[in-house]
Amino acid sequence: MTNFHTIRTAPAAEKLKILAKDPFDLTVEGALVENGRMQNYICDSGLFRLLYSCQRVDDQVLDGLQELADQCGLVEQYREMRRGSVKNRIEGFESEERQVLHTSSRDVFTSMPCEKDASAKARAELAKLQEFLTDIDNGTIANSDGEQFTTMVHVGIGGSDLGPRSIYEALKPFGIKGRAVHFIANVDPDDAASVLDQVDLKRCLVNIVSKSGTTLETLTNEKLVVQRLEAAGLDPAKHCVAVTGQDSPMDNPRNYLRSFYMFDYIGGRYSATSMVGGVMLGFYLGYDGLIDFLKGAAALDERAENTNIRENLPLLLALLGVWNHNFLTYPTLAVLPYSQALHRFPAHLQQCDMESNGKSIDRQGNFVSYKTGPVIWGEPGTNGQHAFYQLLHQGTEIVPLEFIGFHESQFKKDIEVAGSSSQQKLLANMIAQALAFACGKNDNNPNRNFPGNRPSALILGERLTPETMGALLAIYEAKIVFQGFCWNINSFDQEGVQLGKVLAGKILELMKGDDERPSSVEGELLNVVKNKILKACDS
Ligand code: G6Q
């Protein structure tokens, strides 16, 4: 791997620190329109455009961010990643030592697949899936009464749930008529019960998704579903499908109608375009719909290799994020889709971004002396406007914002009320908010004064379809990876979630073995401390 600068060592970072002392003032009259700012500060990625005139940047800052990207070799590292370099590692310490090839699950749709073996494996899984879906469609695969499967219950958690679920929610209007998908993630038995009570198990395929094949929640829920199938007189092996890693404890094709694979070079939170999301989306959208989704992501991956930040949407979004977080020192980022269909997308981004970039040591194992990933949160607009926007407008915390919007609605079922359609009202609100946050409003009444200079970016697409959803997903995946490279952290492991898993396992063991079990949670807590379980996890 080539040695690149990082945000700590890059000369451009020093320049940006100075520029950050006097950032562009959005509240000055005419500031947003001077020098063609509104027209110039647009980055076009084909399926999406990024409008960034409401950021506190000018040409000098953008030049500085370009230098930072060049000095840190952000695009070079992204290219290396797509071609199979071992990016999931911490030098000199035991770590996962893996390639990072989530893009391989869609790069068969690019002009030149990047890593031959991974592309071939992705192609093979897709071919298997296509055959499976055809058999479901033509009734070769059916239930014991010869009836078609109409419903899929997707069982998985974390990366095996959040991405797929948010995409399913986003693409509901594009499903095959008569089909539906339900999700079970939480080990809370009420989650499974509420889903299983509302489906006709006879017509259900159950998709058990776990890369490791060892996740407590998923294995528990699998047992629960299997029990329910058996109780209904159904053969689980004729209803259940598995998506797992090759050779995982779940890799046992005899237990399943079909087994699909994902690979160790695809991290859970980056796995939505692999079979982890693919089986469910293929069932719901049909094979062609799934391919449109993958093509959208692939198109974006290719464009993310452009070294010019003004032409590379995810790279620019990443650098604007670094500017806001590291140089202007804003601690969080809100993603606000003005699209109800994207209501679970912020939850997916929360995982993808915070699990990837919530790190305090660099790729050489040193504690970092600068901020890494921000706290990510968000909700759809306009709903959020009637809730937390008060703090965004007038609170003491400045929160950079990423708005996501579409020109057209998905269902195209819209009416005109008071001279405008609902879609127009939605977009008008988004634009109004961006301008209000940027420009503020002077008022002699301090309680009605809006300080402005609250930066935002608009990510705009034509319509939310399988293809644009794929592109949007890939924009954020690439953004997260670019930021991780800039901060010189490993965005591909998640040691931080391991401790809780180990500890929960030990506490469960303790609960099982204790004849005189405490009758309350407080009692359980005391028991854990007395038994020095936390200490035991040190070793
Ligand atoms: C994602 C994380 C984590 C993982 C879940 C489920 O990057 O590793 O969220 O996806 O813990 O893991 P399994 O797919 O192995 O069940």
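Located above this text is the structure these notes cover.
Residues numbered from 1 in each chain as written. Predicted model: local features only at pLDDT ≥ 70, side-chain atom pairs only at ≥ 80, totals over all residues. Heavy atoms only, no water.

1. Topic: the side chain of N221
- Locating N221 in the fold gives a position in helix α8 (residues 216–231).
- Overall, N221 belongs to the buried group, its relative accessible area being 0%.
- Setting aside anything within four residues of it in sequence, one finds N221 in contact with V155, I184, A185, N186, V187 and A192. (Helix = DSSP H or I, 4+ residues; strand = E, 2+ residues; numbered from the N terminus. Buried < 20%, exposed > 50% of the residue type's maximum accessible area, 1.4 Å probe, protein only. Contact = heavy atoms within 4.5 Å.)

2. Digging into the packing of aromatic side chains
- According to the stated counting rule, one finds 15 aromatic pairs in the structure shown.
- Seen in terms of ring centroids, Y338 and F403 are 5.7 Å apart; in terms of plane orientation they differ by 65 degrees. Their pairing is edge-to-face. With Y338 in the loop between β8 (332–337) and α12 (345–357) and F403 in strand β10 (residues 401–406), this pair connects stretches of sequence that are 65 residues apart. With respect to burial, Y338 and F403 carry one shared label: buried.
- When the centroid spacing of 5.9 Å and the interplanar angle of 50 degrees are considered together, the rings of Y389 and F437 count as tilted. Linking Y389 in helix α13 (residues 389–394) with F437 in helix α14 (residues 422–439), this pair joins segments that are 48 residues apart in sequence.
- When its relative accessible area of 1% is taken as the criterion, Y389 is described as buried.
- These aromatic residues form a ring-pair network of at least three members: W377, F388, Y389 and F437.
- For the cation-ring pair, R37 lies above F24, with the distance from its terminal atom to the ring centre recorded as 3.8 Å.
- In this structure, R179 is placed above the aromatic ring of F283, and the distance from its NZ or CZ to the ring centre is 4.6 Å. (Phe/Tyr/Trp six-rings, centres within 6.5 Å; stacked < 30°, edge-to-face > 60°. Lys NZ or Arg CZ within 6 Å of the ring centre and 35° of its normal.)

3. Some words on the pairing of strand β3 (residues 151–155)
- With five of its five residues buried, β3 lies for the most part within the structure.
- Residues T151, V153 and V155 point to one face of β3 and M152 and H154 to the other, with burial holding for every one of them.
- Two elements, β3 and strand β4 (residues 180–184), share five bridges in a ladder whose sense is parallel. Bridged to M152 within β4 is V181.
- Bridge count for β3 against strand β5 (residues 204–210) is five bridges, and the pairing is parallel. Among the inter-strand pairings, V153 is bridged to a residue of β5, identified as V206. (Pairing = 2+ DSSP bridges.)

4. Some words on the state of the cysteines
- One pass over the full model with this rule turns up zero disulfides.
- You can see C72 has no disulfide; the closest cysteine sulfur is in C486, sitting 4.5 Å from it.
- Taking relative accessible area as the criterion, C72 reaches 0% and is therefore assigned buried. (Disulfide = S-S within 2.5 Å.)

5. Some points on helix α11 (residues 313–327)
- Taking 1.5 Å per residue, 15 residues should reach 21 Å; α11 reaches 20 Å between its end C-alpha atoms and fits that length.
- When you tally the buried positions in α11, you get 15 out of 15 residues, the bulk of the element.
- Directly beyond the C-terminal end of α11, a positive phi value near 60 degrees is found at T329. (Expected span 1.5 Å × (residues − 1).)

6. Some points on the side chain of S456
- Topologically, S456 is positioned in strand β13 (residues 456–461).
- Overall, the relative accessible area of 1% leaves S456 in the buried class.
- With residues up to four places along the chain from it excluded, the contact list for S456 reads C54, Q55, L401, F403 and A434.

7. Some details on the environment of G321
- Of note, G321 is situated in helix α11.
- Taking relative accessible area as the criterion, G321 reaches 17% and is therefore assigned buried.
- Through-space distance from the C-alpha of G321 to that of F482 is 10 Å; in sequence the pair is 161 residues apart.

8. A look at the pairing of strand β2 (residues 48–51)
- The two faces of β2 differ: F48 and L50 on one face are buried, but R49 and L51 on the other face are not.
- Here three bridges tie strand β1 (residues 42–44) to β2, and the two strands are oriented antiparallel to one another. Paired with I42 across the bridge in β2 is L51.
- Where β1 folds back onto β2 in an antiparallel hairpin, the turn is made up of three residues, including G46, whose phi is positive at roughly 90 degrees.
- Where β2 and β13 come together, four bridges link them in antiparallel fashion. Bridge pairing in β13 links R49 to L460.

9. Let's talk about the environment of F183
- Turning to its location among the elements, F183 is positioned in strand β4.
- A residue is classified by how much of its surface remains accessible, and F183, at 6% relative accessible area, is buried.
- Residues F183 and N207, spaced 24 residues apart in sequence, show a C-alpha to C-alpha distance of 9.4 Å.
- When neighbours within four sequence positions are excluded, F183 is seen to be in contact with H154, D161, P164, R165, Y168, D191, V195 and M280.

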